[in-house]
Number of protein chains: 2
Amino acid sequence: MNVTNEKMRFWSPEVRELEPYVPGEQPKIQNLLKLNTNENPYPPSPKVKAAVETVLVDQADALRLYPDPDASLLKQAIAKQQHLSVEQVFVGNGSDEVLAHIFKAFFIQDEPILYPDISYSFYPVYSQFFGVQTKQIPLNDHFEIVVEDYQQNNGGIIIANPNAPTSVALSLTNIEKILKNNPDRVVVIDEAYVDFGAESAASLVNQYDNLVVCQTTSKSRSLAGLRVGYALAQAHLIAALEAVKNSFNSYPIDRFAIAAAVASFEDQTYFEEQCLKVIQSREQLIEQLETIGFDVLPSKANFIFVTHPAHVAIELAKALREQGIIVRHFNKPRINQYLRITVGTDEQNQRLVNTLKLFIN
Amino acid sequence: MNVTNEKMRFWSPEVRELEPYVPGEQPKIQNLLKLNTNENPYPPSPKVKAAVETVLVDQADALRLYPDPDASLLKQAIAKQQHLSVEQVFVGNGSDEVLAHIFKAFFIQDEPILYPDISYSFYPVYSQFFGVQTKQIPLNDHFEIVVEDYQQNNGGIIIANPNAPTSVALSLTNIEKILKNNPDRVVVIDEAYVDFGAESAASLVNQYDNLVVCQTTSKSRSLAGLRVGYALAQAHLIAALEAVKNSFNSYPIDRFAIAAAVASFEDQTYFEEQCLKVIQSREQLIEQLETIGFDVLPSKANFIFVTHPAHVAIELAKALREQGIIVRHFNKPRINQYLRITVGTDEQNQRLVNTLKLFIN
């Protein structure tokens, strides 16, 4: 809504300047093919449903009593799956909340934090929200991170790996270089999409006292509807996140979400199978799109980033939308000729390709 | 954990100073009578369980897809129950998150905000978190708010009504005086416990452009396990909260919580019946405690605030704990001789009274 200047007097002055994040739309259209918010095309493990059912049926006090403020059972399940200790796990209401706490906990420093010029568009929003100074480091012409550029005075570093919206991954070797070059600053690796083929930095947690890895159950675990994200780091960094969390909201994760996420982490086989299916579908989709002339960046995510030399990206997005297919276009420098497309099931991807063929010859 | 000075270099300097909120403990003890966190002794409406069941069984995509970032169905249900428009409703992940957003949205001003010296202990925590200046206004000797004291330069006002942990309510007439005396500042009435007998300021939302009312489903609706809170205010104030929320976390409320809370708001009859039961139990409990010598403040909440002239409060709390009954003691000036006791079922209250009689003669 438009708020008049007269009514604006009630707002905190700094809030008048906020430019909030705009999530991908969630339209309510029949027969819609939604390839715009990188959701998983497959449901979560059947054990998830069973776990929620159990809370509902067997735990009489599940609703009237507060959940465990520490979500200990969830931390244990994550620690076990990640081969870390419980003190190395932080959990929050989706990885967006975890990232917000990370910005507050580590990035309010005298020097600017560094992140790529093309990356998750929530990073500048958090920075403004918490008064964090930023310096954006350009990706190279292949949309790759140049490790040497992160060797300069900074208040911290955050890198999405694979990067969003480009889908391009950074190797563990390169991540280690950045960690070593910045021994006095926290380096955050935001791994929302890591399970679709990139190397996780979680294996480095015990070696580097300046590393924070952020992951989510929303993508590879098909739990976007539930809001559970987490961070992995040495205990002295987790302690900072707990201090921030306990100054903001004592009970961020509800009882159903805790039970459901625990069940997901306990079904590793299902998880790996689904990730593999998405990876295989992605490779097939890339091949089909390249056949009709698209350039596709090398993807390690559950989405691809594509451009067509003979077609204007936003026009393609509009044409797809008219056929009930939604993809994401970012009206930003360097990438406004690209579309970000979520990998669906093989059938969904086929519908996308067939529809694109109507416009592309 | 203890973080060494060397490791502290990673923390944002301001986070090193945070003094987080400490929630009431959630111990896992058999046959425990938990009267320390003001949970409702009764389950929520049966329609709540049915609604979660429906999400689980009928909505195949409930888990893998993001929830509605605006939680529109929930806003509609609240608006209908409160006789307000959807634009006058803000929802969040428990009223603690809503309060945090309120502090950010309105209270970062050049003057200090005002709140009672004895009140919800999260207010100073939020203030420190967001860099809000504060001035605590002493309650009078009857633990009542003196309206005239809130007529001074300020950056906003927040009052819990009924107040916590005192249980004492402020009349709507007095709230209106405060609203009228502060036409250029936001006055927040935090009504976590209002449904147990106090007058809600929600009826004043259309009259006062500086009023924000905050409520929760955790207490009177027995949904503490689910994390849903909300604010009611004119649209220009809700817009500030939306700007803050969308700069922090796009999807704070998961699909189960949305469905469950909607079902609760649609069962007004059950809600009113349960509130009445708690009120009747409270009055009976007060009478019994007064009979054995306790002074009990006049309560409009689902808890009471009591002191005994012949017994040390913390000793009574310890003695109760040894018998498996947990109540809350605040080691703070003016109230360290008091105990805050949640109203349970009649049977639970009887157990409390019988146990107290063991120590009190």
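Computed from a predicted model, the values in this text were never measured in an experiment.

**What to know about the interface of chain A and chain B**
- Chain A puts 77 residues into the contact, and the matching count from chain B is 76 residues.
- When residues of the side of chain A that touches chain B are traced back to their parent elements, those giving at least two are α2 (13–16), α3 (46–58), α5 (94–106), α6 (122–130), α8 (235–245) and α9 (255–265) of chain A.

**A short note on helix α10 (residues 268–291) of chain A**
All names here are of chain A.
- Along its 24 residues, α10 runs 35 Å from first to last C-alpha, staying within 8% of the 34 Å computed at 1.5 Å per residue.
- Restricting attention to buried positions, one finds in α10 the residues F271, Q274, C275, V278, S281, R282, L285 and L289.
- As for α10, its buried residues are in contact with α9, β9 (295–296), β10 (303–307) and α12 (346–359).
- Residue G293 follows α10 closely and has a positive phi angle near 95 degrees.

**Focus on the relation of the copies chain A and chain B**
- In the superposition of chain A on chain B (RMSD 0.0 Å, axial shift 0.0 Å), the rotation amounts to 180 degrees. Interpreted geometrically, this transformation is the action of a two-fold axis.
- An overlap of 99% is found between the interface residues of chain A and their copies at the interface of chain B, pointing to a shared contact surface.

**Comments concerning the packing of α5 of chain A against α8 of chain A**
All names here are of chain A.
- At their nearest, the axes of α5 and α8 sit 9 Å apart, and the two run at 105 degrees to each other. In terms of orientation, α5 and α8 fall into the roughly perpendicular class. Residues H101, I102, K104, A105 and F106 of α5 form the contact with α8, whose own contacting residues are A240, L241, V244 and K245.
- Along the lines of polarity and charge, the residues of the contact of α5 with α8 split into six nonpolar, one polar and two charged.

**Concerning the pairing of strand β6 (residues 187–190) of chain A**
Residues and elements named next belong to chain A.
- Judged by which residues are buried, β6 turns out to be covered on both faces: V187 and I189 on one side and V188 and D190 on the other are all buried.
- Both strand β5 (residues 157–160) and β6 contribute to a ladder of four bridges, which runs parallel. Within β6, the residue paired with I159 across the bridge is I189.
- The parallel pair β5 and β6, bridged by helix α7 (residues 172–181), forms a crossover whose chirality is right-handed.
- As paired strands, β6 and strand β7 (residues 211–216) are joined by four bridges and run parallel to one another. In the sheet register, I189 faces β7, and the bridge partner there is V213.

**Examining the environment of I175 of chain B**
Residue and element names in this part refer to chain B.
- Its location among the elements puts I175 in helix α7 (residues 172–181).
- A tally of 23 C-beta atoms within 10 Å means that I175 is categorised as buried.
- Note: C-alpha distance between I175 and I158 (17 residues apart in sequence) is 11 Å.
- Among residues more than four places away in sequence, those in contact with I175 are L170, I189 and A201.

**A few points about unusual backbone geometry**
- Of note, the bond from N161 of chain A into P162 of chain A is cis; its omega dihedral lies within 30 degrees of zero at -5 degrees.
- Checked against the element boundaries, P162 of chain A lands in the loop between β5 and α7.
- Of note, the phi angle at S222 of chain A is positive, near 60 degrees, even though the residue is not glycine.
- Mapped onto the fold, S222 of chain A is located in the loop between β7 and β8 (229–233).
- For S222 of chain A, a count of 25 C-beta atoms within 10 Å gives the class buried.
- Notably, F143 of chain B is not glycine yet its phi reads approximately 60 degrees, a positive angle.
- Along the chain, F143 of chain B turns up in the loop between β4 (134–137) and β5 (157–160).

**A short note on the sheet that holds strand β9 (residues 295–296) of chain B**
Residues and elements named next belong to chain B.
- If you trace the three strands from one edge of the open sheet to the other, you get β9-β10-β12, paired in antiparallel fashion. Each edge of the open sheet is held by one strand with a lone partner, namely β9 and β12 (339–342).
- Relative to β12, strand β10 (residues 303–307) runs antiparallel, the two sharing four bridges. Within β12, the residue paired with F303 across the bridge is T342.
- Helix α10 (residues 268–291) rests against β9 and β10 of the sheet, and its axis sits at about 10 degrees to β10.

**Examining the sheet that holds β9 of chain A**
Residue and element names in this part refer to chain A.
- Reading across from one edge, β9-β10-β12 is the order of the three strands in this open sheet, with antiparallel pairing throughout. Whereas interior strands pair on both sides, the edge strands pair on one side only; in this sheet they are β9 and β12 (339–342).
- As paired elements, β9 and β10 share two bridges and run antiparallel to each other. Bridge pairing links V296 to V306 in β10.
- Each of β9 and β10 is contacted by α10, which is oriented at about 10 degrees to β10, the strand it contacts most.

The rules we used
Residues numbered from 1 in each chain as written. Chains lettered and ligands numbered in written order. Predicted model: local features only at pLDDT ≥ 70, side-chain atom pairs only at ≥ 80, totals over all residues. Contact = placed C-beta atoms within 7 Å. Helix = DSSP H or I, 4+ residues; strand = E, 2+ residues; numbered from the N terminus. Expected span 1.5 Å × (residues − 1). Buried ≥ 20, exposed ≤ 12 C-beta atoms within 10 Å, placed from the backbone. Least-squares fit on C-alpha atoms with pLDDT ≥ 70 in both. Axes fitted to C-alpha atoms, helices over the stretch in contact; angles between N-to-C directions. Parallel < 35°, antiparallel > 145°, perpendicular 65-115°, else oblique. Nonpolar A, V, L, I, M, F, W, Y, C, P; charged D, E, K, R; others polar. Pairing = 2+ DSSP bridges. Right-handed = clockwise from strand over helix to strand, strands pointing away.

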